[in-house]
Each structure stands twice: as structure tokens, then as C-alpha cells.
Amino acid sequence: MRAIQITEFGGPEVLTPTELPDPEPGPGEFLVDVTRVGINFADTHQAENSYLSPASLPLVPGMEIAGRTSDGRRVVALATSGGYAEKATADPNMCFDIPDGVSDEDALALLVQGATAWVLLRKSVRMDPGESVVVHAAGGGVGTLAVQLAKRFGAGRVIAVASSEEKRALALELGADAVVDSSAPDMTEALVGANGGQRVAAVLDMVGGRVTDQSVRALAPFGRLAFYGMASRETPSPVQLPNLMRFSTTVGGMWLPHVWTLPGNVMDRAMAELFTLVAEGHLRTVLGGSYPLAEAARAHEALRSRGTIGKLTLDPTA
């Protein structure tokens, strides 16, 4: 089969097209003929071995696949690796049947980014109706869905932060009440200003560095910041616990694999609601384009430049 393999860690240049034997499913797993592969920002960290879970070489990257099983089911699945290929194995516990009315690309947009947005709002910041919500990287895969879900869940004001006029216009189109340029010199001042002079209740942050530091300072009493990525690759300042008490604020983290450890089938509930919203036309997936499998490096370059919008995919059939 055709695949992308990494034999040394690094940037997009280490993503090498190659031919490999078909993967062998482990106990309980099944083989999927892959029709589309989701590209996630975490893939860029996996390629350089800076992700939360360490990788080993050689490696076929890719954690999100959509395709068909041997019995003809359309499925979308989350894997630890192996997705950038024409065939991949899937664990039934990490696999979801794609319903009618939802495309493979839609399903891939929902599997990690959609579920992340859902969990951030429902579990991490536990947004109450009427509260203000800041969505950083609002033009990305998580951000475009988080803006819509926050409004649907009853946010009083959604403030979208994005790096270009095009992304900010898209956020407004998706339901944001206000937008902020991500290059604002003082993010605290910008967020408070966008919220009518009031500090904000909740922040979804995957940027890191000064953006995180200044977003924490924009929180109102009992405000919450959920940290779920570090696209800037800049570490925020250490959180001073006395300050959390002084201002009655909460800073927490979220890594999607931990959702499977929660009681109550949280991931199943998230995916069922997201699939229904898309199928009924109440939630729009923003698809940023599909690249041939052999052009995975170009796709990573585009993603790392932060010039992309929405969900990117690879097409193993191209």
C-alpha cells in the first residue's frame, strides 16, 4: 500500500511517501480501506516528537481515518498512528459509524476537532447560558465548530480571535458576536474591549505563550480558561496558584484521549449530538481542502503557517 512514513523526527520535510505492507489488525481490531485522512495540528507535533505521547521510529503518522470496513460499513476512527496510508487498522472502541447525511470529510472534522470543542464547552469550562466565551484560533478546525457550538449552547457573547480578516469574517458568519485580531499587542485589553468593557467568563486556548498569559488576566471572577494546545510552540508563564484564589479563576487543561476514561460514554454522546447537528443542518463543518496523500508535507507546511481555514484532509485515492 502507499503510505507516508517518518524515519527521523523533524518538520514537514520528514514526511516521506513510500510503499509498505498492509497493516495486520491486532486482536479485536479490523482493517479499514481509507478514503480520507484527517490532518490534526497534533500531527505536526507527532512528526517532531513533541506531542504529549512520545513516538517511536519508523512511524506512519495520522490519528484520524474515514473509510469502509470489509463488510461495507462507513466508519470514522481515531488511532494512535498509521492513518496516512491507503489502509489502516481500527479499534472498535475508537470507531464510529458515519450516518447518512454526513460525509467522510464532515465526520473527520467532528471526530477530534468537533469532539474537542464539545468537551471544552461541556466539561472543561462548563459554560452556562448567557456567559461570554472567547475562542482563540477561531478559523481553525476546533475554532470554527466551537464558535457555533457556544452560540447553540446559549453563550451570551462569543468573541472569536483570528489572524486574518478572512478568518474573522468567517467567525462572524458562523455566529460570533465580536472578533479580535490575534496580533493585538495587549490581548487582555482586546478581549475586555470586545466584551463591552467586562472581563470574560470562559476562554478556549490552544495558542500558548503571551496569548495564554494575557487571556488568563482577562478572566472575570469565576472565569475559566481551558488550555488544549500550544500552536505557537511558546510555553506560557507558570500559573501562580495564589492568583487563582485572589481572582477566583480556574485554569485547566484538556487532552481528548482522557475523555474515554470518563463514566457515562461522554465521547459517544458528543459524537451522536455532533452527527445529528450536521445531518440536520444546524452545524456547519468548515472544510479547508484535501491534499493527495503524497503531498502530506505540503499540507503540514500550510497548517503550521496558520494560513489555513477549517479542516484539512488527505486523499489516499488521489
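Here's a quick rundown of the structure. (Residues numbered from 1 in each chain as written. Predicted model: local features only at pLDDT ≥ 70, side-chain atom pairs only at ≥ 80, totals over all residues. Heavy atoms only, no water.)

**What about the overall build of the chain?**
Regarding its fold elements, the chain presents nine helices and 15 strands. In terms of overall dimensions, the chain is globule-like: its C-alpha atoms have a radius of gyration of 19 Å, near the 20 Å expected for 318 residues. Across its three principal axes, the chain shows a C-alpha extent of roughly 60 × 40 × 35 Å. Looking at the chain residue by residue over its 318 residues, the buried ones come to 53%. Of the accessible surface of the chain, which amounts to about 13500 Å², a share of 52% is contributed by carbon and sulfur atoms. Taken as two groups, the 26 positive and 36 negative side-chain charges of the chain have centres that lie 8 Å from each other. (Helix = DSSP H or I, 4+ residues; strand = E, 2+ residues; numbered from the N terminus. Rg over C-alpha atoms; globule rule 2.2 N^0.38 Å. Buried < 20%, exposed > 50% of the residue type's maximum accessible area, 1.4 Å probe, protein only. Areas by Shrake-Rupley, 256 points an atom, 1.4 Å probe, with all protein chains shown as cover. Lys, Arg positive; Asp, Glu negative; His and termini not counted. Charge placed at Lys NZ, Arg CZ, Asp CG, Glu CD.)

**Observations regarding the pairing of strand β15 (residues 311-315)**
For β15, the tally of buried residues reaches five of five residues, placing the bulk of the element in the interior. Burial along β15 is two-sided: the residues Lys311, Thr313 and Asp315 and Leu312 and Leu314 are all buried. By the bridge criterion, five bridges tie strand β14 (residues 287-292) to β15 in an arrangement that is parallel. Within β15, the position partnered with Leu287 by the bridge is Lys311. On the question of chirality, the crossover connecting β14 to the parallel β15 by way of helix α9 (residues 296-304) is right-handed. (Pairing = 2+ DSSP bridges. Right-handed = clockwise from strand over helix to strand, strands pointing away.)

**Observations concerning the sheet that holds strand β11 (residues 200-205)**
Across the sheet, which stays open at both edges, the six strands sit in the order β10-β9-β8-β11-β12-β13 with parallel pairing between neighbours. This sheet does not close on itself; its edge strands, each paired only once, are β10 (178-181) and β13 (250-253). Taking each pair of neighbouring strands and ignoring which way they run, the sheet shows an average axis angle of 15°. Of the pairings in the sheet, the one linking strand β12 (residues 219-227) to β13 comprises four bridges and is parallel in character. The partner of Leu225 across the bridge, within β13, is Val251. Sheet contacts for helix α6 (residues 209-216): β11, β12 and β13; angle to β12, the most-contacted strand, approximately 155°. (Axes fitted to C-alpha atoms, helices over the stretch in contact; angles between N-to-C directions. Contact = heavy atoms within 4.5 Å.)

**Some thoughts on unusual backbone geometry**
Across the junction of Leu57 and Pro58, the peptide omega takes the value -5°, indicating a cis bond. Phi is positive for Ala137, which is not a glycine, with a value near 50°. Counting through the fold element by element, Ala137 comes out in the loop between β8 (132-135) and α3 (141-152). One non-glycine residue, Ser248, lies in positive phi territory at about 50°. Within the fold, Ser248 resides in the loop between α7 (241-247) and β13. What makes Ser248 partly exposed here is its relative accessible area of 28%.

**Some remarks on the packing of aromatic side chains**
The full count for this structure, using the stated rule, is one aromatic pair. Aromatic side chains Tyr51 and Trp255 sit 6.0 Å apart centroid to centroid with 75° between the ring planes, which places their arrangement in the edge-to-face category. Of this pair, Tyr51 sits in the loop between α1 (41-48) and β4 (64-68) while Trp255 sits in the loop between β13 and α8 (266-279), and the two are 204 residues apart along the sequence. Trp255 gets classed as partly exposed once you look at its relative accessible area, which sits at 25%. The cationic tip of Arg73 hangs over the ring face of Phe30; the distance from NZ or CZ to the ring centre is 5.7 Å. In this structure, Arg122 packs its charged tip against the face of Phe153, placed 3.6 Å from the ring centre. (Phe/Tyr/Trp six-rings, centres within 6.5 Å; stacked < 30°, edge-to-face > 60°. Lys NZ or Arg CZ within 6 Å of the ring centre and 35° of its normal.)

**Details of the pattern of salt bridges**
Applying the stated criterion across every chain, the model contains 15 salt bridges. Glu48 is the salt-bridge partner of Arg233, the closest N and O atoms lying 2.9 Å from each other. Separated by 185 residues along the polypeptide, Arg233 in the loop between β12 and α7 and Glu48 in helix α1 bring together distant segments of the chain. The exposure class assigned to Arg233 is partly exposed, which follows from its relative accessible area of 28%. Between Asp104 and Arg74 there is a salt bridge, and its shortest N-O distance comes to 2.9 Å. Of this pair, Asp104 sits in helix α2 (residues 104-124) while Arg74 sits in strand β5 (residues 74-78), and the two are 30 residues apart along the sequence. Judged by its relative accessible area of 22%, Arg74 is partly exposed. Where salt bridges share partners, they join Arg36, Glu105 and Asp315 into one cluster. (Salt bridge = Lys/Arg side-chain N within 4 Å of Asp/Glu carboxyl O.)

**Concerning the packing of α2 against α8**
The geometry of α2 relative to α8 is characterised by a closest axis approach of 9 Å and an angle of 120° between their N-to-C directions. Regarding α2 and α8, the two cross each other, and that crossing is right-handed. In this structure, α2 uses Asp106, Ala107, Leu110, Leu111, Gly114, Ala115, Trp118 and Arg122 to contact α8, whose residues at the interface are Val266, Met267, Arg269, Ala270, Met271, Glu273, Leu274, Phe275 and Val278. Its residues placed into classes, the contact of α2 with α8 shows twelve nonpolar, one polar and four charged. (Left-handed = near helix turned anticlockwise from the far one by under 90°. Nonpolar A, V, L, I, M, F, W, Y, C, P; charged D, E, K, R; others polar.)

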